[in-house]
Amino acid sequence: MNQSAERYIPDIADIHLAHARIRPLVRLTPVISDPGLDEMLGCRLYCKCENLQRTGAFKFRGASHAIARLREDGKTGDVATHSSGNHGAALALAAQLDHRTAHVVMPENSSPMKIDAVRGYGGQVHFCAPTHEARAERLEELVRQGMIPVHPYDNADIIAGQGTAALELEHAMPSLEQVLTPIGGGGLISGTAIATR
């Protein structure tokens, strides 16, 4: 990935490389099933328990990969993003592990628990009005101050990192017929689509 992470579309090789980069940092989360649920649904259902990932969500995969790529490219300095909480906490921890600080733009009505999580992992919180435009404007201010932007989902390094969850799922259960993935911003679904295609 030698092009800008904001413009490059990752492929399966990028997801394998991301997995190699972040393997020492992330948890290999379990894949579980439930016979009662299988019977009720009439199929075998396997769940990848990313709620057991560091910071409590799959977001740590993408965040730790984005930080690893910055380090490989020799880009030092603090990072900045916008988030309602999970990506912010993940980037804060990934940055802290790399001896950086993450500056996270959060809506002023964010969950207090998520604000505390970002701060608990060493992140600096910058509040804004609860609109997408306000988030983008506040993030741009931080970038103008010299911080490196790490978009929460529209970033090839984030997408490749998120795709490692599906890669592990397929390794654990190679005969899957369908993969269901939640969608918010699109980083996880993009990485999952690439990994499972």
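Preceding block: the structure.
These notes cover the structure that comes with them.

Cut-off values and rules
- Sequence order sets the numbering: in each chain, residues are counted from 1 along the sequence as written.
- Reporting in this predicted model follows two pLDDT cut-offs: at least 70 for local features of residues, and 80 or more for side-chain atom pairs to be given and counted; totals over whole chains, interfaces and linings ignore these cut-offs and use all residues.
- Only hydrogens and water are removed before side-chain values are computed, so all heavy atoms of the structure are retained for them.
- Note on definitions: the grid is 1 Å and covers protein atoms alone; a cavity is a set of points where a 1.4 Å probe fits but cannot get out; a pocket is an open set with protein on both sides within 12 Å along at least five of seven lines; lining residues have an atom within 4 Å of a point.
- Grid points are joined across faces, edges and corners, and a volume is the space filled by probe spheres set on the points.
- Helix numbers and strand numbers start at the N terminus; a helix is a DSSP run of H or I with at least 4 residues, a strand a run of E with at least 2.
- Any residue that is not Ala, Val, Leu, Ile, Met, Phe, Trp, Tyr, Cys, Pro, Asp, Glu, Lys or Arg is counted as polar, Gly included; the first ten are nonpolar and the last four charged.
- To estimate how far a helix should reach, multiply one less than its number of residues by 1.5 Å.
- When accessible area is computed with a 1.4 Å probe and restricted to protein chains, residues below 20% of their type maximum are described as buried, those above 50% as exposed, and intermediate ones as partly exposed.
- Two residues qualify as a contact provided that any one of their heavy atoms is within 4.5 Å of a heavy atom in the partner residue.
- Pairs of strands are assigned from DSSP output, requiring at least two bridges between the strands.
- Handedness rule for crossovers: strands pointing away from the viewer, path from the first strand over the helix to the second running clockwise, crossover right-handed.

Some words on the layout of surface pockets
By rolling a water-sized probe across the atoms, one finds the places where empty space is left.
Step number 1: Considering only enclosed or pocket space, the largest pocket measures out at about 670 Å³ in volume.
Step number 2: Mapped onto the lining of the largest pocket, the elements with two or more residues apiece are strand S2 (47–48), helix H7 (156–172) and helix H8 (187–196).
Step number 3: Ranked by the residues each element gives to the lining of the largest pocket, the list is headed by H7, at 3 residues.
Step number 4: Of the residues belonging to the lining of the largest pocket, the class tally is 14 nonpolar, 4 polar and 4 charged.
Step number 5: Each pocket or cavity is described by its volume, and for the second largest pocket that value is around 310 Å³.
Step number 6: Those elements that provide at least two residues to the lining of the second largest pocket are helix H4 (86–97), helix H6 (132–144) and H8.

Concerning helix H3 (residues 59–72)
In an α-helix, one turn spans 3.6 residues; hence positions three or four apart end up facing the same way.
Step number 1: Helix length check: H3 (14 residues) gives 20 Å between terminal C-alpha atoms against 20 Å at 1.5 Å per residue, within 8%.
Step number 2: Buried residues dominate H3, accounting for 12 of its 14 residues.
Step number 3: For H3, the full list of buried residues reads Lys59, Phe60, Arg61, Gly62, Ala63, Ser64, His65, Ala66, Ile67, Ala68, Arg69 and Leu70.
Step number 4: Among the structural elements, helix H1 (12–22), S2, strand S3 (79–82), H4, strand S6 (148–149) and H7 are those in contact with the buried residues of H3.
Step number 5: Within two residues after H3, Gly74 carries a phi angle of roughly 75 degrees, on the positive side.

Brief notes about the pairing of strand S4 (residues 102–107)
Step number 1: Within S4, 6 of the 6 residues are buried, leaving the element largely enclosed by the surrounding structure.
Step number 2: Two strands pair when backbone bridges link them, and S3 and S4 are joined in this way by 4 bridges, in the parallel orientation. Bridging from a neighbouring strand, Ala80 pairs with His103 of S4.
Step number 3: Of the crossover connections in this fold, the one passing from S3 over H4 to the parallel S4 is right-handed.
Step number 4: Examined bridge by bridge, S4 and strand S5 (residues 124–128) share 5 bridges and lie parallel to one another. For His103, the partnering residue across the bridge sits in S5 and is Gln124.
Step number 5: In this view, the connection linking S4 to its parallel neighbour S5 by way of helix H5 (residues 112–120) has right-handed handedness.

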